[in-house]
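In case you want the letters, here they are:
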Amino acid sequence: MSNEIESILTENRVFPPFDNLVQGAAISGMDGYRAMCNEADANPDEFWARLARENLVWNKPFTQVLDESEAPFYRWFGDGELNVSANCLDKHLGTPTANKTALIFESDDGKVTKVTYKELHARVCEFANGIKALGHKTGERAIIYMPMSIEAVVAMQACARLGIIHSVVFGGFSSKSLHERTVDVGASLVITADEQVRGGKTIPLKNAVDEALGMGGCEAVSHVIVYKRTGGQVAWSEGRDVWMHDATANQASQCEPVALSAEHPLFILYTSGSTGKPKGVQHASGGFLLWSLLTVNWTFDAKDSDVFWCTADVGWVTGHTYITYGPLAAGLTQVVFEGVPTYPTVGRFWDMIQRHKVTVFYTAPTAIRSLTKAAEASPSHHPREYDLSSLRIIGSVGEPINPEAWMWYYKNVGGERCPVLDTWWQTETGAHMITPLPGVTPLKPGSCTLPLPGIAAAVVDEAGEEVEQGKGGFLVIKRPWPGMIRTIWGDPERFKKSYFPPELKGYYLAGDGAQRDKDNYFWIMGRIDDVLNVSGHRLGTMEVESALVAHDLVAEAAVVGRPDATTGEAVVAFVVLNQSLPEGEEADHIAKQLRDWVAREIGPIAKPKDIRFGENLPKTRSGKIMRRLLRVVAKGEQVTQDVSTLENPAILDQLSQAH
Ligand code: PRX
């Protein structure tokens with residue numbers, strides 16, 4: 001039984017909202033929430049138009065709200081013009097926010113650098129002018145492969161200012177993954193750093209860029225701009241490579257933001273799907289900006305006095321929405337962290353909350369679960385040893401949070417004073433979709449509770465009919481919303497097929513299973529496709545399989561997920577080699593070789609935790625791999641299902657041997 005199902009059957013604790021948060025909240029009390037939901041349901045176009053007019057600065061006002069003429073390729077505010085960077089930075093100039101700290105950057109080794117909104121604006125302008133001076137223009141694509149840094153935020157904002165579409169690649173991805181994305185977006189510019197520093201170790205980035213560009217097909221890349229983070233050795237390609245500090249030297253600290261259609265793509269971010277090739281999720285400028293700003297205001301109930309800290313990396317959507325765009329558009333002070341939660345001690349997060357007086361803290365269940373264990377093993381770094389009284393809201397994202405982790409977080413980090421916001425959303429949704437609100441929603445550990453106003457979430461069966469409370473089904477969104485994915489870059493057919501299957505009445509199919517309880521609360525049951533969630537990172541089983549079969553020794557591979565107490569799910573690979581079945585040390589040796597290979601092909605996050613060798617894989621007589629059975633074997637359970645349709649039932653015993 002999975003954690004989530006278990007939690008539904010046994011979980012009946014309810015935590016009402018705290019009075020101090022209800023008072024003065026952006027959305028106050030259940031009545032306030034219902035009123036907004038009713039406004040949205042009564043006339044969605046008017047609701048979104050009102051919010052877009054009230055919250056965004058437009059160069060040219062829109063006259064059309066939602067254009068459904070080419071559904072499911074929805075367009076929002078399409079004839080309006082704005083600039084996202086101007087909405088995050090210029091908007092604050094001439095207001096008291098200009099001199100407020102925008103970013104508190106803390107490096108891996110604890111050095112703190114602060115920039116105000118005015119300074120950030122100047123740095124973004126200088127860099128945008130530098131990019132322009134190299135000849136890059138609106139509509140081109142830039143790959144950003146950078147460590148967590150002020151410079152990464154500057155790079156993304158500078159692209160947005162010029163209408164250059166960025167595609168950030170997580171620094172933990174391999175050169176091969178970087179190459180694949182660079183080719184797919186047709187990048188003309190790469191922005192990177194010499195090296196990154198995490199947990200006291202340096203990891204080369206520029207080298208990986210050189211390797212990726214050397215793999216062919218990236219001839220469109222005319223410049224590689226390099227932020228000097230460590231001063232480590234790098235190779236240099238004259239004419240192509242430019243230091244970031246040289247690109248910005250002598251550039252003016254003013255750069256006119258380009259007025260762009262609200263539908264101009266802001267970014268493309270790759271995420272895993274159920275085939276081997278990651279999908280380039282394309283987001284639009286106006287709708288994404290609106291949705292990231294609104295959710296910062298609603299979910300986190302943003303206040304001018306807040307110190308906001310989202311621990312995600314800008315390589316993931318959470319870092320886009322809740323670091324680079326939403327909090328800046330809301331004028332918040334935020335912490336940006338280069339390092340890892342366990343360095344130099346496992347109390348790093350708690351120490352940083354204490355020192356920076358963080359008020360809103362947003363992290364992933366995986367971090368909470370591993371820090372729970374670490375705190376128990378190292379009592380002097382337990383959160384109770386730190387002053388966390390500045391916190392007022394704590395959030396969770398990326399995977400289901402099991403009730404045990406929820407309770408630990410609630411008690412030990414939130415001091416039983418802060419709501420735990422279990423926010424459900426996806427790369428494709430742009431921002432939060434189903435989440436508790438701090439001044440509104442009674443909490444149930446393990447449930448992401450209720451949809452935000454304007455979000456028509458439902459649980460349906462194969463025919464798109466809503467299922468009864470307590471019954472499982474597909475999580476769908478019945479009406480479009482401004483922050484939604486616009487298409488898959490270069491593959492509109494895959495977009496339609498993946499998200500709007502015809503049998504579901506034109507609803508957006510999230511790819512998650514869910515059910516609603518008697519209070520209509522949503523409980524997410526995990527993916528319904530071949531996508532795994534390892535430490536909150538999405539991984540396609542086919543991606544890992546393709547990487548494995550690309551190794552000379554591998555004839556065939558099947559990858560499944562197994563529940564894991566720390567990482568949520570773990571990758572288990574069943575492998576058939578091109579040689580006789582290995583045993584003992586030889587098997588260990590090959591398993592290690594294959595793990596390292598996957599790390600090189602995709603990135604260390606995709607490394608199988610467990611590799612099992614067999615002479616073949618369990619297949620039906622028509623040759624289909626029985627993944628259902630492999631999942632049972634991966635968990636170390638006895639197969640009780642009917643195996644009579646299997647070509648080779650004996651193989652299950654062989655595959656039960658772990659390495
Ligand atoms: O399965 C859901 C899970 O993460 C998937 C989205 O992954 P990604 O696009 O990488 O975005 C992660 C950051 C938003 C979803 O389809 N997921 C995300 N949040 C939750 C969740 N599962 C359960 N509860 C959540 N709060």
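Residues numbered from 1 in each chain as written. Predicted model: local features only at pLDDT ≥ 70, side-chain atom pairs only at ≥ 80, totals over all residues. Heavy atoms only, no water.

A. Broad picture of the pairing of strand β28 (residues 554-564). β28 sits mainly inside the fold: 8 of its 11 residues count as buried. With 10 bridges connecting them, β28 and strand β29 (residues 568-577) associate as antiparallel partners. Pairing of A557 across the sheet is with V575, part of β29. The hairpin turn running from β28 into β29, its antiparallel successor, is 3 residues long. (Buried < 20%, exposed > 50% of the residue type's maximum accessible area, 1.4 Å probe, protein only. Helix = DSSP H or I, 4+ residues; strand = E, 2+ residues; numbered from the N terminus. Pairing = 2+ DSSP bridges.)

B. Seen up close, the domain arrangement of the protein chain. By the assigned domains, the protein chain splits into domain 1 (1-42 + 432-529), domain 2 (343-423) and domain 3 (535-655). For domain 1 versus domain 3, the distance between C-alpha centres works out to 33 Å. (Domains from an automatic or database assignment.)

C. Structural view of the sheet that holds strand β25 (residues 522-527). Taken in spatial order, the 4 strands of this open sheet run β21-β22-β24-β25, and their pairing is antiparallel. Looking at which strands have only one partner, the edges of the open sheet turn out to be β21 (457-460) and β25. Between one strand axis and the next, the sheet turns through 45 degrees on average, direction left out of account. Pairing of β21 with strand β22 (residues 473-477) involves 4 bridges; the strand directions are antiparallel. In the strand pairing of β22, A457 is matched with I477. (Axes fitted to C-alpha atoms, helices over the stretch in contact; angles between N-to-C directions.)

D. Inspection of the nonpolar core at higher detail. Formed by 162 residues in total, the largest nonpolar core has its most connected members in W48, F77, L120, I191, W291, W298 and V575. Ranked by residues supplied to this core, first place goes to helix α7 (residues 150-162) with 10 residues. Ignoring sequence-local partners within four residues, the contact set of F77 consists of W48, A49, A52, W58, F62, Q64, V65, A262, G287, L290 and P482. (Core = buried A, V, L, I, M, F, W, Y, C linked by side-chain atoms within 4.5 Å. Contact = heavy atoms within 4.5 Å.)

E. A look at the sheet that holds strand β4 (residues 101-106). Overall, mixed pairing links the 7 strands, which are arranged β5-β4-β17-β16-β18-β19-β20 in an open sheet. The two strands at the open ends of the sheet, each matched to only one other strand, are β5 (112-116) and β20 (420-423). Going across the sheet, the axis of each strand differs from the next one's by a mean of 20 degrees, ignoring polarity. Strand direction decides the pairing type here: β4 and β5, joined by 5 bridges, are antiparallel. Looking across to β5, one finds that T101 is bridged to T116.

F. Fine view of the UniProt feature "domain: AMP-dependent synthetase/ligase" (unreviewed entry) in the protein chain. Here the UniProt-annotated "domain: AMP-dependent synthetase/ligase" (unreviewed entry) positions come out as residues 97-481. The span residues 97-481 is 30% helix and 23% strand, and its two end C-alpha atoms sit 30 Å from each other. (UniProt positions renumbered as here; feature names shortened; annotations may be inferred.)

G. Structural detail: the site of the ligand. In the neighbourhood of the ligand, 16 residues make up the surrounding shell, with D422, T423, T427, D512 and R538 lying closest. Contacts to the ligand include T423, whose backbone N or O atom sits 2.8 Å from a nitrogen atom. Taken by itself the ligand offers 540 Å² of open surface, and the protein chains cover 95% of this. Going through the elements one at a time, β20 and β25 are the ones with two or more residues in the shell around the ligand. The class makeup of the residues in the shell around the ligand is 5 nonpolar, 6 polar and 5 charged. Two domains each donate at least three residues to the shell around the ligand, and these are domain 1 (1-42 + 432-529) and domain 2 (343-423). (Near = heavy atom within 4 Å. Polar contact = N/O pair within 3.5 Å; in protein donor to acceptor, adjacent residues only side chain to side chain. Areas by Shrake-Rupley, 256 points an atom, 1.4 Å probe, with all protein chains shown as cover. Nonpolar A, V, L, I, M, F, W, Y, C, P; charged D, E, K, R; others polar.)

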